[in-house]
Amino acid sequence: MAALNRTTLRRLQNLPQIPSVWEGDRRPLSNADSHLMIDDDDILEGGGECILWVDGSEGVVRAMDMVGPDAGPEAIVRALLRAMEHPQSPAPAGRPQKIVVKNREIQFYLRGVLQDLSISIDYVPELPLIDEIFRGMEEVAINRPPELPPQYAEVLMEKAAQIWQDAPWRTLSEHQIISIEINQWDVASLYVSVLGQGRMDYGVLLYRSLESLKRFRERVVNDESFEDLEQAFLGQDCLFLTFESAADIDEDDDEEIDLADLPPSEIEPNFGNLHPLEGLRSILYEEEALTMLVALEAFHRFFRNGRRKLGSDTFPSLSSRYRIPVPQPDGEIQQVSVKVSTMPDVSDELLQMLGDDDGDDGDDDDDEFEKPLLRDDLVPQNSFLSLGAVPWETVQFLRESVQFHQGAESEINTAGDGLPVVMIQTSHPKAKTMIQDLKEAGGVKGIGFNPGENPFQDEQYDLGILQTKNGELYLFGEFNEDDPVHQEARKKWDRRCKLTNGWCGLIIAKGLMGASRGQPQFKDMVALLEVRWVSAKDLGIGPLQLMPMF
C-alpha cells in the first residue's frame, strides 16, 4: 500500500479540521450518465466510474472524478486530497472529522493511508446524499432528448446515406450556393453550401439566411485569429450534416486518412444545429428534423437530375420544383412543395470575396507568379504508375465500357502493337475524384516528359506531365533517368507515339489495394483519355530544378 510522503502529510495536518461528516464512494456509470459530465471517450472506453466526495453536513460536492474501471484505489485518495485542499464547491479547505463509506475495501484502504490525519473512517450501509446525486444524474440522462427524434431517425439516416453516395463535393465548391425554398416550420428558405472539395471535411451546411452565410465567409477569408474564427464558426445560423469515420482514427498517425477512401459502412453521419445564441448543438428537435429531411431529399433530387450541368465550367442558372413526402405521426403522408434553385450571382460574389483575399491589386502581370508552374495535386499519393501500350482491340473495348471516355480529336493511326498509355491506378473514390478534377479542367490536352534534377543529390529525373485543356500542368510521376527499366519504357513510348502520329492515352484504374494491384483488369479501368503526345519543347517550361524550402 502506498503511503503519503511526510511533506504532504504535514501540509494536510495544517489544514483546519471541520466538524462535518463526508460521504465518499466510487460507482460505475452508464455511457448516458458519463457523457453528462465528461467528454473524454478514452477514459470511458470499456465503461467509466465516478468518484464522489460530498460534505454531508453542508450538502455540497467537494470533488468529482471520472476514472476508468481499471484505476486502482489510489484514485479515491487523489480525489479526497483535492476535496480537502482544493474543493470544487465554494467551500474552505479543510479536513473532515469523519468519513463514511459503504465499501469495506475502501474503508480499510483509507484507514491505512489516512491514519495520521485524525479522521474517523466508518462503514455505513447507505449513503443518502450520494444516492440522491446519482439518482438525479440518472433522471437527467433518461430525460435527455435523443440526437434525432426517434420517429424520423431512420429516414434521416437514409437521406444522409444518399448524400454520401451522391458525393456532391466532387462537383460543387463551397461558394456555389443552392437555395431550397420550403415555407414550412417557420423556415422560408435554406441556402446550401457543400463541404468536401478540400478532401478534409465532408458535409452539407444549410444556412437559414444569406446574411449568415456571407458574414461567415467574409470572416474566414480575412485571416483572423483562431479565437476570432472560433467565434465566427459559433456565430453561424444553420443546420448541418457532416460525416466522419465510425472507427477510431489515431490522430498521431502520420498518414492522413481521406474519408472518401473508406467504405460506406465505415462512414457515420452527424446532424446538428448552429446558432449565435445557442452555439453548437448535436441534437435536432422535431421541426428541425422535418426541415432537414425535406431539404436533404430536395437537394438529392436536384443534384441527381442536374449533376452534368452543375459540373460545367460555369455555375448554371437552374431551378426545379419537387413534392417531398413527409411521414406524419398518424401514419399519413404530407406532401411538401419545394423549389430548388442555383444562385450564380451569390456564388460569384462569394468567389470574388475569395479572390480579394489573395491580395490582388489589379495587376494581372503578377498572376503567373502566384500560381505554381507545375502542380502536383491531381494524381493521388501512393498511386501505381506505369508506361506501356494497350492493344487496339482493347482500346475499342474500353471506349465503349469505361465510365469516362475522352476521344481523340482526329483519327489515330492504329500502327504498331497498340496505343501508348500512362496507367494510373488508385482507389476507386480517388479515381472518381481525379476524373472529376480532369472534367473541371476541360479534359487532358497532352502528355509529355520534361527534364528535372536534384542538384543536392546529383540526380536527373524524367518528369511525367499532364497538360489539361485549361492550360494547367500537373506532375504525374518522377522517374529516375538512370533506371534501366524506365529507360527502356521511354524508348518504347517514344517509338509508339511516332507510329500513332503523336497520339497516346491516359488510363485511370481502380483496385489499388486489391488483388489486381499493378495489373488492373478491364473491370478496374474506369477512364480512357485519348490525348496528344507533347514534347518537352512544346511544354515550354525548360529543365526544372528542385529548390530547398526555407
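On a predicted model such as this, the values are computed, not experimentally measured, just so you know. (Residues numbered from 1 in each chain as written. Predicted model: local features only at pLDDT ≥ 70, side-chain atom pairs only at ≥ 80, totals over all residues. Heavy atoms only, no water.)

> How would you summarise the pattern of salt bridges if you had to cite specific residues and measurements?
One side chain can pair with another of opposite charge once the charged atoms of both are near each other. Throughout the structure, instances matching the rule amount to 22 salt bridges. For Asp65, the salt bridge is made with Arg82, and the minimal N-O distance between the two is 2.8 Å. Of this pair, Asp65 sits in strand E3 (residues 60–67) while Arg82 sits in helix H4 (residues 74–85), placing them 17 residues apart in sequence. Looking at Arg82, the relative accessible area reads 29%, which means it is partly exposed. When the shortest N-O distance is used, the salt bridge between Asp377 and Arg375 registers 2.8 Å. (Salt bridge = Lys/Arg side-chain N within 4 Å of Asp/Glu carboxyl O. Helix = DSSP H or I, 4+ residues; strand = E, 2+ residues; numbered from the N terminus. Buried < 20%, exposed > 50% of the residue type's maximum accessible area, 1.4 Å probe, protein only.)

> Go over the environment of Gly518 with me, naming the residues and quoting the values.
Within the fold, Gly518 resides in the loop between strand E20 (503–509) and strand E21 (525–534). Separated by 92 residues in sequence, Gly518 and Thr426 place their C-alpha atoms 9.8 Å apart. Discounting chain neighbours no more than four positions away, the residues touching Gly518 are Phe384 and Gln425. (Contact = heavy atoms within 4.5 Å.)

> Let's hear about the pairing of strand E12 (residues 319–327): which residues, and what values?
Of the pairings in the sheet, the one linking E12 to strand E13 (residues 333–342) comprises nine bridges and is antiparallel in character. Paired with Ser319 across the bridge in E13 is Ser341. Counted along the chain from E12 to the antiparallel partner E13, the turn is five residues long, and its residue Gly331 has a positive phi close to 90 degrees. (Pairing = 2+ DSSP bridges.)

> Got a sec to walk through the sheet that holds E3? Specific residues and values, please.
Taken together, the five strands give an open sheet; going across it, the order is E3-E2-E1-E4-E5, and neighbouring strands pair in mixed fashion. At either end of the open sheet lies a strand with only one pairing partner, and these are E3 and strand E5 (120–123). For this sheet the average axis-to-axis angle between neighbouring strands, irrespective of direction, equals 20 degrees. The pairing of strand E4 (residues 95–101) with E5 spans four bridges and is parallel. (Axes fitted to C-alpha atoms, helices over the stretch in contact; angles between N-to-C directions.)

> Describe the packing of aromatic side chains, and please don't skip the residues or the numbers.
A complete count under the given rule lists eleven aromatic pairs for this structure. Considering the side-chain rings of Phe449 and Phe476, the 6.0 Å spacing of their centres and the 75 degrees angle between planes classify their relative orientation as edge-to-face. With a gap of 27 residues between them, Phe449 in strand E17 (residues 444–454) and Phe476 in strand E19 (residues 473–480) connect regions that are remote in the sequence. Grouping residues by exposure puts Phe449 and Phe476 together as buried. Here a set of aromatic residues connected by ring pairs shows up, and it is made of Trp164, Trp169, Tyr202 and Phe243. The ring of Trp503 carries Arg532 above its face, with NZ or CZ at 4.6 Å from the centroid. (Phe/Tyr/Trp six-rings, centres within 6.5 Å; stacked < 30°, edge-to-face > 60°. Lys NZ or Arg CZ within 6 Å of the ring centre and 35° of its normal.)

> Quick one: what's the story with the packing of H4 against helix H5 (residues 104–113), residue by residue and with numbers?
Angle between the axes and distance between the axes: these two values describe a pair of packed helices. Contact geometry for H4 and H5: axes closest at 10 Å, N-to-C directions at 60 degrees. Relative to H5, the element H4 lies oblique. The hand of the H4/H5 crossing is right-handed. Each of Glu74, Ile76, Val77 and Leu80 in H4 lies in contact with H5, whose residues at this interface are Ile106, Tyr109, Leu110 and Val113. Among the residues making up the contact of H4 with H5, the classes are represented as seven nonpolar, no polar and one charged. (Parallel < 35°, antiparallel > 145°, perpendicular 65-115°, else oblique. Left-handed = near helix turned anticlockwise from the far one by under 90°. Nonpolar A, V, L, I, M, F, W, Y, C, P; charged D, E, K, R; others polar.)

> Could you give an account of the environment of Gln334, with specific residues and numbers?
Mapped onto the fold, Gln334 is located in strand E13. As for Gln334 and Ile324, which are separated by ten residues in sequence, their C-alpha atoms are 8.1 Å apart. Leave out the neighbours within four places in its chain, and Gln334 touches Gln184, Ile324, Pro325, Val326 and Gln328.

> Can you explain the sheet that holds E13? Please cite residues and give values.
Overall, antiparallel pairing links the eight strands, which are arranged E11-E10-E9-E8-E7-E6-E13-E12 in an open sheet. Across the chains shown, the open sheet's two edge strands, defined by having one partner strand only, are strand E11 (279–281) and E12. Taking each pair of neighbouring strands and ignoring which way they run, the sheet shows an average axis angle of 25 degrees. Here strand E6 (residues 178–184) pairs with E13 via four bridges, running antiparallel. Note on E13: the bridge partner recorded for Ser179 is Ser341. Along the sheet, helix H7 (residues 150–166) makes contact with strand E8 (202–207), strand E9 (238–245), strand E10 (267–275) and E12, crossing E10 at roughly 105 degrees. The sheet contacts of helix H8 (residues 210–221) involve strand E7 (187–195) and E8, and relative to E8 the element is tilted by about 130 degrees.

> Give a description of the environment of His428 that names residues and reports values.
Looking at the secondary structure, you find His428 in helix H14 (residues 428–440). By relative accessible area, which is 27% here, His428 ends up partly exposed. Separated by 168 residues in the primary sequence, His428 and Ala260 have C-alpha atoms spaced 9.1 Å apart.

> Before we move on, could you go through a positive patch on the surface and cite the residues and values that matter?
Together, Arg307, Arg308, Lys432 and Lys439 make up a region of like positive charge exposed at the surface. Elements represented by at least two residues in the positive patch include exactly helix H10 (286–310) and H14. Residue position: Arg307 is located in helix H10. (Patch = residues over 30% accessible without salt bridge, like charges linked within 9 Å, V, L, I, M, F, W, Y side chains within 5 Å. Areas by Shrake-Rupley, 256 points an atom, 1.4 Å probe, with all protein chains shown as cover. Lys, Arg positive; Asp, Glu negative; His and termini not counted. Charge placed at Lys NZ, Arg CZ, Asp CG, Glu CD.)

> Which residues make up the nonpolar core, and what values go with them?
Counting 50 residues, the largest nonpolar core has Ile180, Phe243 and Phe271 as its most contacted members. The element that contributes the greatest number of residues to this core is H10, accounting for twelve residues. Among all residues touching Ile180, those that are not within four sequence positions of it are Ala188, Ser189, Leu190, Val192, Ala295, Ala298, Phe299, Val338, Lys339 and Val340. Counting residues in hydrophobic clusters, the runner-up holds 27 residues, among them Leu4, Val67, Val101 and Ile106. (Core = buried A, V, L, I, M, F, W, Y, C linked by side-chain atoms within 4.5 Å.)

> Can you tell me about the pairing of strand E2 (residues 48–55), naming the residues and giving the values?
Taken across its eight residues, E2 has eight buried, putting it largely inside the fold. What you see with E2 is no split at all: Gly48, Cys50, Leu52 and Val54 on one side and Glu49, Ile51, Trp53 and Asp55 on the other are buried throughout. Where strand E1 (residues 17–29) lies against E2, eight bridges are found, and the strand directions are antiparallel. When the sheet's bridge partners are listed, Gly24 is paired in E2 with Trp53.

> So what's going on with the packing of H7 against H10? Residues and values would help.
For the pair H7 and H10, the least separation of the axes is 10 Å and the interaxial angle reads 30 degrees. In this view, H7 runs roughly parallel relative to H10, as classed from their interaxial angle. Helix-helix and strand crossings are classified by hand; for H7 and H10 the assignment is left-handed. Residues Gln151, Tyr152, Val155, Leu156, Lys159, Gln162, Ile163 and Asp166 of H7 pack against Glu286, Ala289, Leu290, Met292, Leu293, Leu296, Glu297, Phe299, His300, Phe303 and Arg307 of H10. Partitioning the contact of H7 with H10 into residue classes produces eleven nonpolar, three polar and five charged.

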